[in-house]
Every structure is written in structure tokens, then in C-alpha cells.
Amino acid sequence: MVSSKKKEMLVKFLVFLSILTSSQGSRLHNKPNNFPYLQRASSFSSEPKYYDYIIVGGGTAGCPLAATLSQKYKVLLLERGGAPYGNRNISYMQNFHISLADVSPQSPSQMFISTDGVINTRARVLGGGSCINAGFYTRASPSYVREVGWDGKLVNESYPWIEKQIVHWPKIAPWQVALRNGLLQAGVSPFNGYTFDHLYGTKVGGTIFDGKGYRSTAADLLKSANPKNLRVLLHATAQKIIFDTQEKKPKAIGVQFKDENGNQHTAFLNQESSESEIIVSSGAIGSPQLLLLSGIGPKEDLDKFGIRTVLHNQHVGKSMSDNPMNCIFIPTKKYIKQSLIQTVGITKMGSFIEASSGFGQSNKSIHCHHGIASAEIGQLSTVPPKQRSIELARSFAETKKDIPIEAFRGGFILEKIDGPLSLGHLTLLNTDIDTTPNVTFNYFSHPHDLEKCVYGIRTIEKIVHTESFADLSDGSDFSSEMLLNMSVRANVNFIPKHTNDTKSVEQFCKDTVITIWHYHGGCHVGKVVDRDYHVLGVDGLRVVDGSTFLKSPGTNPQATVMMMGRYVGVKILRERLGEEAGA
């Protein structure tokens, strides 16, 4: 028997331990306390305040851009979402698929379905896509940098600025080792080791997850800001850009936004300086949408919604692209450790091969609505795109608890194509900024995209039949027929049976297409913005984000989008201040 005194001491110890653990957790997750410039939008005073730069969108480009410009100038950063800190579904790699399944109004991801029928998502959180993506970090190729027209020296200064703060080398997981070996055995060589560079062959890239699976994000780059010059408003949804149209050329002078309570506010630029600017960094959907709602776009489209035309530009929202992806599920007999993208095969044909593993195989995941928008078991990839819907995804989430857990045990090999060459467009549904516009990507409408997909699927078939994957997948307790039936119920795809039949594989590509969230375009250089990202035809306005890209950089774009924010910020400082820029 334990004495009552000892029991009391034990209880006190446990209480102390719980308090200690709780306090450690609060230090880990309550990072906003360390960022005094993070404020709710409702704190914005009605008294006029003027800024040298107003950045709309605190995402992957907006955060490094704000941090850089704040070194010398007053910066207001407007972010429609909240902070990522304290949200375990953002912070921890093991919960990656859960944040994508959150369809609540407060979710860091905003789900939508393109008119093609592919389930997709937009980031709605400080840090943007870096808060909800798979974390892979890899640079654009030197040829991409030359095509865009960037200064190679400044590019090579800007990438390390990101890498020193938030990028790590991964502890490579068993599934990623198998992919590395399988790629080499399948002829995707040489092995280029651990590198950020975009090189043909097989490599291990960087990651924004640390060794314990904790995620860094673009929001962490704000630590490099000058806190005296930076103000970040959370839940500040920009509704339109305000222009002075009294002169021959319209000039951006302010931004109208609403706070978390729906109240309206207006922030203005410092009119004493002709170099003050509004910079839109709201992403490939948000940036063209905001331009349209502000009166910049095709006049006939604006007239439909009663939007006053500030500048007619038929190219806003046009030539949108999304890199199509197809997933192949590899069932295994044993539990596979969770992993996100670490290894990649870069083929000269323009197919990129990546992998992930271990998500959706726990009892908790099976019995919950996790992953209904993920790139793995949640995009209804066994259902032809035109038949997919949010309702069907929810129905699948409800019924998957009845599927044997073995159906989810294993990993995926993913095939994504370079480019792409297929083009779509974006059009407004209404004048509500919270409503995602109609987006069409026209996946595989260009024959070269289809050729790349066929090559990628055939490459995956070679990998699956290498010794590396035979060791993982041999000895399954289920017959091929049983596995096939389970794969349909579990919404996962196996290698198609007739890979020698090109038309059959082409149809497989079309029927199983999903997204890896690398969509871009809508504000192309030369059409909507110039090479310095000034919006053509108006003063005081730029667009700096992936909406300006003609094609997606590297195998995964987040490194280059963050670099772009730093790059443009430094370029602006140097152009205005010369040697005094200090950047």
C-alpha cells in the first residue's frame, strides 16, 4: 500500500510535470508573442496611416518580400488568413494530410474544384503554401533563370538567404531510399547526392521539415524583418486596389480590405514619395482575381459584374496552368514509415518521379475524414475527373472506415510533368473576394504533356519491378484480384495492366489526373506585368508571385517563389538606395 503522504507527493509531482510540459508546449507554439508586428486586422485604426509599401498576401513570396523591404521602408502586409503557429496540423509532418482535409472557414487551406473536375486547394494562412505543402525544397535550373531574365548573381545570393533560415537536409526514410535505388536501377541516373540544384538523374533535395518533423514556413522569414518598420495584419482580406484616375495613367494609392469582423478599412501609400507601391502577392488565383475586382482585366468580363474598368487588359486571368500528377499505390505487407517528398528523379523527357508513404494507414486515419483533399487517397483519383465532386469526396470519407486497413498500408510513387504546355483560364463567378473564381486548367490538352505522362508511368513501372521495391512489396497476404478490388474502394491506383498500349496509358493519365498544387499563371510577364513585375498601364502597382510564371520552376516551385520575394525586394532596395541598401 502506498501511504497517503506518498500519494499526495505523487499527485503534486504529476501536476508539476503537466504544468512543465504545458509551458514547454506554449513556448513552442505561441510564436506570435515573439512577433509584435503580428496583429488582427480589426486593430487597424481609423486614423490615416501611410506606408511606403503595401503587400497584399503574406504567402510564400509576400513574407520574404516584406522582410526585405522593411529593412529600409515602412511596410504593411495584409494576410487574409491567420498565423500558422499553434496549429499542429500545419506544424507537424505527420498531420500533413489532415490540414488539407479541413474545409472549415478557419482552415489554412481553401478547397475548390476546377472546371476540369480536379479537387484542388488554395493556402489561407500567413506563410501561404509553405504551411500546407509537402515541404520539398529544390531550386530552379540555370536555364529557367536565364529564360525568366533574372540576374543570376542576385538569384544565387537570394536562395541561400532562404536556406540558412528554414531549410534542412532530410533524414531519408526507407521508402525514399527504395525510390532512390529503384530510380537508379530503372536508368534515371546518375545519382547526384544531396543537392538543391536541378540536375538530370536522381537526387535527394532539401526540406522545410526538421529532423523531428517540425515545419518551418515562409512566415518564419519575417524574423529577418525590421520590426519597427513592419506591420502584419492577419485576417485582413483585400477587396480591391484603389486608384487615382485623375491623371492620364491610373496610379495605385491604397487598398480596401475587411477585417475578421467584416468591417471595412482602407490603407494608403505614402504620397510624398513617387516610388511607394502596392505589391500583390496573393498567388496564382488570388492575384488575377484581385486585379479583376479592382478594374484591371478584359472590359467585357468586368462589365458583366458592374466593375468599373480602370484598365482594359485581355490577358488577366489567362494562360493558367497546373502541373498534372498521377499516383501509383504500392501495397506493402508491413507498416511503412511516413515520409513526404525527399527523393526525386528528373528525366530528360520532362517527367519528375517522387514518392510519399505511410499516410492514411493508421486506425485513426481510417476512421476519420483525413485526407479527402490530399494528393494521395483524397482526390478521388479512381474516378474520372468530370465525375468528381466535393460531395463524393465527403461520401468516400464516410465510408472508408469500412475498408480493411491493409488497403491503405503502403506508399505512393508520384509522376508529375514539367511545364506544362496545356493552358487554361480564370474568370470571376461574382464580386465576392472570398469566392474562388472559375478555374480551368485543360489538363493534357497539349499532346506533349500526355507524352510526358506516358513516359512517367512507364518509368514508375520499371521502378516497381526493381529489387528495391520487390523487397518492400513481396509477401502480401492478398491476391491480385483482392488488392485490385480494395484499391478501387480505397481510391488508389495501381500500375495499369497494358503499359505497352500507348492509348491505354494515355487514357489512364486522363482518368487518374490529380494535382500537386503547382498551378501558376494569370499575370504573365509581357502580358500583364513587365520584367520588373510592374503592372502594365498603371503606376504604383506590381505583382510578385507564381501568377507571373510561364511554367513551374524546378520539380517543386516553393524554393523559387520564396527566392523571388527576396530577389525583388533586394532589387527594389538597390535601385532606390544604391550602396546604402545594404542588402
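All of these numbers come straight from a predicted model, not from anything done at the bench. (Residues numbered from 1 in each chain as written. Predicted model: local features only at pLDDT ≥ 70, side-chain atom pairs only at ≥ 80, totals over all residues. Heavy atoms only, no water.)

Pairing between side chains of opposite charge can happen when the charged atoms of each approach one another. By the definition in use, this model includes 13 salt bridges. Between Glu163 and Arg139 there is a salt bridge whose closest N-O contact spans 2.9 Å. Placement of the pair is Glu163 in helix 6 (residues 152-166) and Arg139 in the loop between strand 7 (136-137) and helix 5 (142-148), with a sequence separation of 24 residues. In this structure Glu163 comes out as buried when scored by relative accessible area, which is 10%. Overall, the relative accessible area of 14% leaves Arg139 in the buried class. Here Arg576 and Glu275 are joined by a salt bridge, their closest N and O atoms 3.5 Å apart. Within this pair, whereas Arg576 is found in helix 16 (residues 558-577), its partner Glu275 is found in the loop between strand 14 (264-269) and strand 15 (277-280), the two being separated by 301 residues in sequence. We classify Glu275 as partly exposed; its relative accessible area is 41%. Put simply, Lys153, Glu157 and Arg574 are held in one network by salt bridges that share partners. (Salt bridge = Lys/Arg side-chain N within 4 Å of Asp/Glu carboxyl O. Helix = DSSP H or I, 4+ residues; strand = E, 2+ residues; numbered from the N terminus. Buried < 20%, exposed > 50% of the residue type's maximum accessible area, 1.4 Å probe, protein only.)

One pair of aromatic rings is described through two measures. These are the centre distance and the angle between the planes. Applying the stated criterion across every chain yields a total of 17 aromatic pairs. Centroid distance Tyr53 to Tyr73: 5.8 Å. Interplanar angle 75°. Geometry classified as edge-to-face. Of the two residues, Tyr53 is situated in strand 3 (residues 53-56) and Tyr73 in the loop between helix 2 (62-69) and strand 4 (75-79); the sequence distance between them amounts to 20 residues. Taking relative accessible area as the criterion, Tyr53 reaches 0% and is therefore assigned buried. The buried category is assigned to Tyr73, whose relative accessible area is 10%. (Phe/Tyr/Trp six-rings, centres within 6.5 Å; stacked < 30°, edge-to-face > 60°.)

Here we have four strands laid out as an open sheet, ordered 2-14-13-12, and mixed in their pairing. Each edge of the open sheet carries a strand with a single partner, namely strand 2 (50-51) and strand 12 (237-244). The sheet contact formed by strand 13 (residues 251-258) and strand 14 spans five bridges and is antiparallel. Bridging from a neighbouring strand, Gln256 pairs with Thr266 of strand 14. (Pairing = 2+ DSSP bridges.)

With that settled, the discussion passes to unusual backbone geometry. Residue Pro190 follows Ser189 across a cis peptide bond; omega there is 5°. You can see Pro190 is positioned in the loop between helix 7 (174-185) and strand 8 (191-194). Residue Gly419 is joined to Pro420 through a cis peptide bond whose omega torsion reads -5°. For Trp517, which is not a glycine, the phi torsion comes out positive at approximately 70°.

In this structure, Arg542 sits in strand 26 (residues 541-543). What makes Arg542 buried here is its relative accessible area of 6%. There is a polar contact of 3.0 Å between the side chain of Arg542 and the backbone oxygen of Asp532. Arg542 has contacts with Glu277, Ile278, Ile279, Val280, Asp532, Tyr533, His534, Val535, Val568 and Ile572, leaving out every residue within four places of it along the chain. (Polar contact = N/O pair within 3.5 Å; in protein donor to acceptor, adjacent residues only side chain to side chain. Contact = heavy atoms within 4.5 Å.)

Turning our attention to the side chain of Thr436. For Thr436, the location among the structural elements is in the loop between strand 23 (424-427) and strand 24 (438-440). Polar contacts involving the side chain of Thr436 include one to the side chain of Gln110, which spans 3.4 Å. At 3.1 Å, the side chain of Thr436 forms a polar contact with the side chain of Arg122. Beyond its immediate chain neighbours, meaning those up to four positions away, Thr436 contacts Gln110, Phe112, Arg122, Ile285 and Leu429.

With that out of the way, let us pick up the state of the cysteines. Tallied over the full model, the rule gives one disulfide. Each sulfur of the disulfide joining Cys453 and Cys509 lies 2.1 Å from the other. Around the S-S axis, the bridge from Cys453 to Cys509 shows a dihedral of about -100° and counts as left-handed. With Cys453 in helix 12 (residues 447-464) and Cys509 in helix 15 (residues 502-511), this residue pair connects regions lying 56 residues apart in the sequence. Of the residues examined, Cys453 reaches a relative accessible area of 0% and is grouped as buried. Looking at Cys63, it has no disulfide partner, and the nearest cysteine sulfur is the one in Cys131, 7.9 Å off. (Disulfide = S-S within 2.5 Å.)

Let's shift gears to the confidence of the model for the protein chain. Of all residues in the protein chain, 85% have pLDDT values of 70 or greater, and the mean over the chain is 86. With pLDDT under 50 throughout, residues 1-32 is counted as low confidence; its partners more than four residues away or in other chains account for 15 contacts. The low-confidence segment residues 365-376, where pLDDT is below 50, has 53 contacts with residues more than four positions distant or belonging to other chains. (pLDDT = per-residue confidence, 0-100.)

On the basis of which strands lie adjacent, the open sheet formed by six strands has the order 1-11-4-3-15-26 and parallel pairing. Edge positions in the sheet fall to strand 1 (38-40) and strand 26, since each of these pairs with one other strand and no more. Going from strand to strand, the sheet's axes swing by 20° on average, the running direction of each strand aside. Direction of pairing for strand 1 relative to strand 11 (residues 230-234): parallel, over a ladder of three bridges. Across the sheet, residue Leu38 finds its bridge partner in strand 11, namely Val232. Sitting on the sheet, helix 2 touches strand 3, strand 4, strand 11 and strand 15, and the angle it makes with strand 3 is about 170°. (Axes fitted to C-alpha atoms, helices over the stretch in contact; angles between N-to-C directions.)

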